[in-house]
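Chain by chain, the residues run as shown.
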Amino acid sequence: MKVPISWLKDFVNLDGISIEELAHALTMAGLEVEEIEYVGLPMPTGRQITKLSGIAWDREKIVVGEIREVLPHSNADRLVLCRLFDGQKEHTVLTGAPNLFEFKGRGELKKPLKVAYAKEGAEIYDGHQPGFQKTTLKRAKIRGVESYSMVCSEKELGISEEHEGILFLGADAKAGMLLADYMGDAVFNIAITPNIARDANIYGVAREVAALTGRKLKAMPVKVKANGPTIKGKVKIEIQEPELNPRFVLGLIKDIEIKPSPDWVQRRLRLAGMRPINNIVDATNYAMLELGEPLHAFDYDVLVERAGGKAPTIITRLTKKGEKLTTLDGIERKLDEFTVLVCDTAGSLSIAGVMGGAETEVTEKTRNVLLEGAAWNFINIRKTLSAQRFSSEAAYRFSRGVHPAMAPRGIRRSLDLMRQWSGGVVNQGLVDKYPRPEKPSVVEIGPEDARRWLGVELSAREMAAILRRSEFQVQTKGKKLMVTSPDYRLDIGEGVVGKADLMEEIARIYGYEKIAATRLRDEIPPQQSNHTLEIEERIRDLLARMGLQEIITYRLTTGEQEAQRLPVGIAPDDKPYVRLLNPISQDRVVLRKSLLASVLEIVERNASLRERIAVFELGPIFHASEAGPLPDELQRLVLAISGPRGMSNWDGAETTPFDFYDIKGMVTNLLNGLGLWDLHYEVGEHPSFHPGKCSKVMHGEQQLGVFGELHPQVQTQYDLGSHPVEAASVNLDLLYEFVPERFDSEPVPAYPPVLEDLAVVVNEGTPAGQVEMLIRQTGGKLLTGLSLFDVYRGEQIGVGKKSLAYQLTYQHPERTLTDEEVAKLRERIVKRLEQELGAQLRS
Amino acid sequence: MLESLEKIKREALEALDSVQDEAALEGWRTTFLGRSSTLMLSLKQLGSLSAQERPKAGQAANEVKQALEAALEGRKAALSQQRLQQSLGAERLDVTLPGRTIPLGRLHPITQTMRRINAIFAEMGFQVYRSRDVETDEYNFQLLNIPRHHPARDMQDTFYIDDGTKESSVLLRTQTSPGQIHAMREFAAQDPKNPPPVRIILPGMCYRYEQVTARSEIQFTQVEGLAVGEYITFGDLKGTLTDFAQRFFNADVRTRFRASHFPFTEPSAEMDVECFVCHGAGCSVCKHTGWLEILGSGMVHPTVLRNGGYDPGRHSGFAFGMGPERLTMLRYRIEDIRYFWRNDLRFLEQF
Ligand SMILES: [Zn+2]
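Quantities reported herein were computed from a predicted structural model and do not represent experimental measurements.

Caption draft 1: Structural context of the overall build of chain A. Secondary structure assignment for chain A yields 22 helices and 41 strands. Computed over its C-alpha atoms, the radius of gyration of chain A comes to 42 Å, more than 25% above the 28 Å expected for a compact globule of 843 residues. On the principal axes, the C-alpha backbone points of chain A span a range of 130 × 80 × 60 Å. Looking at the 843 residues of chain A, the share that counts as buried comes to 54%. In chain A, of all internal contacts separated by at least 6 residues, the share reaching a separation of at least 24 is 68%. Counting only carbon and sulfur atoms, one obtains 49% of the accessible surface of chain A, whose full area is about 38800 Å².

As structure tokens, then:
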């Protein structure tokens, strides 16, 4: 909300407080000043309180000038020359301002025109450029006349976007005065959070300033000079839904003349971010900005006409099915059945609290104005606003809640402004229906509450004093305070909630910075371990140790994006996606079902920039659940590697590419690292992987994961370069169940091991895993190590054969093995391989 | 005899001077100390001398032998030293050639930040509590004192899940706060009449309906904290979070608490820390204010305590929430939040 400092000063004396101090005090108390827009006043240098913008009027070069005569320009119709006095001497100033033309050729003006005069070298905004761009006044010759200074428009001074004519100042402006002293201003842009909706107006902010600084707040301007007859009998009110419309108030002003508001009013409205329309509309907006009560002006005569010449009855009710209304903006609106309408006996007039209808609006011809001020259920207003996709200053306030007590106040203020600005006569009294009076909340608090919630020792008297500064009524009963909320606040609850509300108020006014920081002295809760988190963190560490980079990707994607991980023609599983109701962009519409797809996207993104990629991600995938509205969130781990195994170096070290056995090694390492040794591998089947280069890793009967080389077709569906991508996907939910909490270590053998090589020739089709299994089974406990160190194919051993060379480690825990023992064991192993696999010992 | 010994010694030492390699040295040894060398022959001849001459000549011969042996060793050492020097010179590397790059695995910067946050709070007795990404409207909003159509909902634009109804009740959590209710209810269920104290932090991925820009993301991580007990005050909130800031940033960083509003806490506060780039003087990182906004916090709202199964008349607590992305961006002066999920390795490998 925009708050001009000059307007605040109507209600609280700010002498001796700088703009920046004020902004700081408000910000610390929860009225965050998001920006200070300077309109003439000097801007601070160095450290800032908040974001600063705007312009500071040059203290020497922008002054009040007085135009004494307006002369025609000899060879330019659209320009005039002004004889201007700047307090020291006269200048001739060239201008094209149309609002000076009427003074052209009148000779010496009886009442000199007071204007803003910018001297040579002054910094102003360029009136001819779109937006606000600063420029410096330079000496120039225009149509034969020397020009070095100018009279300024509002835009040139940064007051508004108005550049049609120059700004006229009041008669109180003295030639030579610094313009910044006369009318320099600054505008706070304050973020109004829902709990301080009451402050969404100038008076509300002034009230906070008074409470925070201990200064006196001037009375709310709600007096109206009503010289007309009584309003009684001129209009009736009927409220059909008191819960949605707890109060409805009307006032009447007659014999007004529609015209522009006074200049200072227009300027103020613009500073506060509203466009001036005419004196009547401006008076409703001005009162709303000042006091926070949105108002609506009807053309009274149109209402009388619609009522057949009789006193109109204003009815508030819910929308009927299919009912429509053409609003002020010319749009015919379909209305929902929860929307409240303001109507008369002839039909609907406006959407309650949101927008007026076209037919009864104030026009040039309006002479008599009926002014509405009301209270609406703010939740219902919000529903209407979101249904109508509409916002306005009035709706902004009603949708955050305005206390019903503000309705007559707003009306009185506005009627009096209309009277002053339009020459109308206000009818005496108001028509006021208030079927659901808002009860003030009464909360009992005491010093123990401040101690318990805030950790502050305050006496009952101190607490009462703080609350009274915020206009609460406080009665003391010994150490207890009975606190009644003021009649503009809707945010104070009952009971323990009310206590919390008052604690907030006390803390804010007392000052958060005065509350001492302490350390928790409450009991520490029972400590539990977090098994899954611990495993996850171990997985991250293990994979990073293996040289993989962790990535974190979007969990939102599209079905098409994910389908890329499967060869064309292979349908994804038929599990439905978890779909967003309101996606914000086309590429993020569902929750992912495949972590592999997320990771491959990242591999693709990096593939054009580097050859070697080794990444992993740990995170959820989402499956719609049949059991309930919430999907299953399944934890997965995906690894992907591609490109040279080592980093490229200047001497051409290891650069062979990653292959299937690298990803297998990583999976094995990882699972071993987690304490899972009892694993076996089977041929795997997964549409994303090469059918001949895919394996699943099993723990007993359970499949912990699948890995392999990406299917060549999938490889080409992504832009992945020439190196095959090797990937693995692990089911973490399952893994969590099997990772042991602990394991037994083994003693380091005290006796020397016997190492022996064994090479056997087997058929090409015999899996190495089977050979290994037989060796291990036969070797039993004495065989403590087995590693394959060579696989050979070649003429020497014949076509269709392969040689597997192992190193075997024999070890007895309690003694040195004899040569005979080892030889016997070896013989048994060889015999078994010969018998079961037809293997031949290779010499 | 003595003279001839002296001569042998002189000739041998002279010859040794010109020995330049191991082979020549061996030749020298054979010539001057070998079985058939003059010296050895002389020693054998000692027996033929008279008993008077023998000891003197014997002693002299031995002295010569020892002198030659010592010279031999000396020469040997000198030669090996010389050879070492030569090879050291020949083995000289260009030490300015780059070292071999070893593939180094790293954790995502957000994981690193999360771990720091978790570790600091763990030492203060806060344990990690995790909950789901997809939540109900009830847990994400209503139980946290944010009814439907409440103005506070404006502060959090929400992705709803298509659940087949017009007003969906399933959504992507906009904050990790639903975990506060899950946790409190879980703990309170252990002993409903006398619920145990709570001290947890809740890290996780959250989502907001926002355009992706350099400053905002549709997906972001959050770490919330919650402490509930019988003696927890706003002063404790200030102290605990200041302790955190001083651990996370630096030991003498100043903090300040500004009044703010969150529907689930009251009173609420934003914590700023003094800008660690300019130390409060004002710079572009802190937008010239000298302060950096770090986290939101407040005393748990009585309604939220009650919804969690705790009696607001007896229990109190504080809660806070912070964004690891923002903390990471400030710490490493990262200008664009989109870097995090874009996962360009050139970015990730910097951490
Ligand atoms: Zn700074």
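So much for the structure itself; the text now carries on.
Caption draft 2: Molecular detail of the overall build of chain B. In terms of regular secondary structure, chain B is built from 12 helices and nine strands. For chain B, whose C-alpha radius of gyration is 42 Å, the value lies well above the compact-globule estimate of 20 Å for 351 residues. In terms of its C-alpha atoms, chain B occupies a principal-axis envelope of roughly 130 × 50 × 45 Å. Looking at the 351 residues of chain B, the share that counts as buried comes to 55%. Taking the contacts inside chain B whose residues are at least 6 apart along the sequence as the reference set, 66% of them involve residues at least 24 apart. Of the roughly 15700 Å² of accessible surface on chain B, 50% is carried by carbon and sulfur atoms. Of the side-chain charges in chain B, 42 are positive and 44 negative, and the distance between the mean point of each set is 4 Å.

Caption draft 3: A look at the environment of A:Gln475. All names here are of chain A. The residue glutamine 475 is located in strand S27 (residues 473-477) in this model. Accessibility expressed as a relative area gives 56% for glutamine 475, which makes it exposed. Spatially, the C-alpha atoms of glutamine 475 and aspartate 541 are 63 Å apart, while their sequence positions differ by 66 residues. Those residues in contact with glutamine 475 that lie beyond four places of it in its chain are Lys480, Leu481 and Met482.

Caption draft 4: Spatial organisation of the coordination of the zinc ion. Residue and element names in this part refer to chain B. Within the first shell, the zinc ion binds the protein through Cys275 (SG), Cys278 (SG), Cys283 (SG) and Cys286 (SG), at distances of 2.2 to 2.3 Å. What the four donor atoms of the zinc ion show is an angle range of 103 to 114° at the metal, which sorts the shape as tetrahedral. Counting gaps between the donor residues of the zinc ion yields the pattern C-x2-C-x4-C-x2-C. Placement of cysteine 275 in the loop between strand S7 (265-274) and strand S8 (291-300) and of cysteine 286 in the loop between S7 and S8 is noted, with a sequence separation of 11 residues between them.

Caption draft 5: Seen up close, the interface of chain B and chain A. Of the residues lining the interface, 107 residues belong to chain B; the matching set on chain A comes to 98 residues. On the surface where chain B and chain A come into contact, there are seven salt bridges. Note that B:Arg115 is salt-bridged to A:Asp541, the shortest N-O span being 3.0 Å. For the interface between chain B and chain A, the tally reads 51 residue pairs in polar contact (both at pLDDT 80 or more). Element by element, the count of residues in the side of chain B that touches chain A is highest for helix H8 (residues 234-248) of chain B, at seven residues.

Caption draft 6: How the structure looks around the domain arrangement of chain B. For chain B, the assigned domains are domain 1 (2-90) and domain 2 (109-348). Relative placement of domain 1 of chain B and domain 2 of chain B: their C-alpha centres are 89 Å apart.

Caption draft 7: Up close: the packing of aromatic side chains. One pass over the structure, following the stated rule, counts 29 aromatic pairs over all chains. Seen from their ring centres, A:Tyr286 and A:Trp421 are 5.5 Å apart, and the 85° between their planes marks the pair as edge-to-face. Note that A:Tyr286 is positioned in helix H7 (residues 279-291) and A:Trp421 in helix H11 (residues 406-422), a separation of 135 residues in sequence. For the pair A:Tyr286 and A:Trp421, a shared accessibility class is recorded, and that class is buried. Each ring, one from B:Tyr339 and one from B:Phe347, has its centre 5.0 Å from the other, and the planes form 40°; the classification is tilted. Assessed through its relative accessible area of 36%, B:Tyr339 is described here as partly exposed. Just above the ring of A:Phe132 sits the side chain of A:Lys155; from NZ or CZ to the centre is 5.9 Å. Sitting over the face of the ring of B:Phe248, B:Arg116 holds its NZ or CZ atom 4.3 Å from the ring centroid.

Caption draft 8: Quick look at the side chain of A:His623. Residues and elements named next belong to chain A. Its place among the elements puts histidine 623 in strand S32 (residues 613-623). Exposure remark for histidine 623: the relative accessible area of 12% places this residue in the buried category. Discounting residues that sit within four places of it in the chain, histidine 623 has contacts with Lys575, Val578, Lys593, Pro631, Asp632 and Leu634.

Caption draft 9: Looking closely at the side chain of B:Gln127. Tracing the backbone shows B:Gln127 in strand S1 (residues 127-128). Note on B:Gln127: relative accessible area 16%, which makes it buried.

Caption draft 10: Highlighting a positive patch on the surface. Residues A:Lys51, B:Arg215, B:Lys287 and B:Arg326 make up a contiguous surface patch of positive charge. Residue classification places B:Arg326 among the partly exposed residues on the basis of a relative accessible area of 35%.

Caption draft 11: Structural context of unusual backbone geometry. Here B:Glu266 and B:Pro267 are connected by a cis peptide whose omega angle stands at -10°. The phi angle at A:Glu471 is positive, at roughly 70°, despite the residue not being glycine. A positive phi angle, close to 65°, is found at B:His288, a residue other than glycine. On the secondary structure map, B:His288 appears in the loop between S7 and S8.

Caption draft 12: Representation of the pattern of salt bridges in the model. Residues and elements named next belong to chain A. Enumeration over the complete set of coordinates arrives at 74 salt bridges over all chains. Between glutamate 709 and lysine 693 there is a salt bridge; the shortest N-O distance is 3.4 Å. Of the two residues, glutamate 709 is situated in strand S36 (residues 702-710) and lysine 693 in strand S35 (residues 689-699); the sequence distance between them amounts to 16 residues. The structure contains a network of salt bridges with shared partners spanning Arg198, Asp199, Glu208, Arg489, Asp491, Glu505 and Arg508.

Caption draft 13: Here's a closer look at the packing of helix H6 (residues 263-271) of chain A against H7(A). All names here are of chain A. For the pair H6 and H7, interaxial distance at closest approach is 11 Å and the crossing angle is 55°. Considering their axes alone, H6 and H7 lie oblique with respect to each other. In this structure, H6 meets H7 at a crossing whose hand is left-handed. Packed against H6, whose contacting residues are Trp264, Val265, Arg268 and Leu269, the element H7 presents Asp282, Asn285, Tyr286 and Leu289 at the interface. Classifying every residue of the contact of H6 with H7 gives five nonpolar, one polar and two charged.

Caption draft 14: Layout of the domain arrangement of chain A. All names here are of chain A. When cut into domains, chain A gives domain 1 (2-55 + 187-213), domain 2 (58-183), domain 3 (236-433), domain 4 (442-512), domain 5 (531-738) and domain 6 (754-841). The partner domain 3 presents four residues to the seven residues of domain 2 that form the contact. Between domain 2 and domain 3, the buried area comes to about 460 Å², and carbon and sulfur atoms account for 51% of it. The three residues of domain 2 that bury the most area against domain 3 are Glu154, Ile159 and Phe168, which together make up 56% of that side's buried surface. Between glutamate 162 and arginine 270 there is a salt bridge, and its shortest N-O distance comes to 3.3 Å. In this structure, the connection of domain 2 to domain 3 is made through two residue pairs in polar contact (both at pLDDT 80 or more).

About the cut-offs
- Per chain, the residues get numbers from 1 upward, laid out in the order the sequence is written.
- Just so you know, chain letters begin at A and ligand numbers begin at 1, following the order they were written in.
- The model is predicted, so local features are restricted to residues of pLDDT at least 70 and side-chain atom pairs to those at 80 or more, both for listing and for counting; the totals for chains, interfaces and linings are taken over all residues.
- The side-chain numbers reported here are obtained from all heavy atoms of the structure, hydrogens and water having been left aside.
- Numbering goes from the N terminus for both helices and strands, where a helix is a DSSP run of H or I of at least four residues and a strand is a run of E of at least two.
- The atom set for the radius of gyration is the C-alpha atoms, and the globule formula is 2.2 Å times the number of residues raised to the power 0.38.
- Throughout this description, buried means an accessible area under 20% of the type-specific maximum (1.4 Å probe, protein chains only), exposed means over 50%, and partly exposed covers the range between.
- Contacts are residue-level and defined by heavy atoms, with any inter-residue pair within 4.5 Å sufficient.
- All accessible-area figures derive from a Shrake-Rupley calculation using a 1.4 Å probe, and residue coverage is judged against the displayed protein chains alone.
- In this tally Asp and Glu are treated as negative and Lys and Arg as positive; neither His nor the chain ends contributes.
- The location of each charge is read from NZ of Lys, CZ of Arg, CG of Asp or CD of Glu.
- Any nitrogen, oxygen or sulfur atom within 2.8 Å of a metal ion counts as a donor, with the limit raised to 3.2 Å for Na, K and Ca, and since water is left out, coordination shells can look unfinished.
- A site with four donors is called tetrahedral when every donor-metal-donor angle falls between 85 and 135 degrees; four donors are called square planar, and six octahedral, when opposite donors sit more than 155 degrees apart and all other angles fall between 65 and 115; any other arrangement is irregular.
- Whenever Lys or Arg places a side-chain nitrogen within 4 Å of a carboxyl oxygen from Asp or Glu, that contact is recorded as a salt bridge.
- Here a polar contact is taken to be a pair of N or O atoms separated by no more than 3.5 Å, where protein atoms must pair a possible hydrogen donor with a possible acceptor and residues adjacent in sequence count only if both atoms sit in side chains.
- Domain limits in this description derive from either an automatic procedure or a database domain assignment.
- In this analysis, rings of Phe, Tyr and Trp, with Trp reduced to its six-membered ring, are considered paired at centre separations within 6.5 Å, and the interplanar angle assigns stacked below 30 degrees, edge-to-face beyond 60, and tilted for intermediate values.
- Counted as over-ring charges are cases with an Arg CZ or a Lys NZ within 6 Å of the ring centre that also lie within 35 degrees of the ring normal.
- Patch membership is restricted to residues that have no salt bridge and whose relative accessible area is over 30%. Joining uses 9 Å for like charges and 5 Å for the nonpolar side chains Val, Leu, Ile, Met, Phe, Trp and Tyr.
- Between N-to-C directions, angles span 0 to 180 degrees; the directions come from axes that are lines fitted to C-alpha atoms, helices contributing only their stretch in contact.
- We call two directions roughly parallel when the angle between them is under 35 degrees, roughly antiparallel when it is over 145, roughly perpendicular when it lies between 65 and 115, and oblique otherwise.
- Should the near helix be turned anticlockwise from the far one by less than a right angle, the crossing is termed left-handed; should it be turned clockwise, right-handed.
- We call Asp, Glu, Lys and Arg charged. Ala, Val, Leu, Ile, Met, Phe, Trp, Tyr, Cys and Pro are nonpolar, and the rest, Gly among them, are polar.
- Summed over both partners, buried area is the accessible surface (1.4 Å probe) that two parts give up on being assembled.

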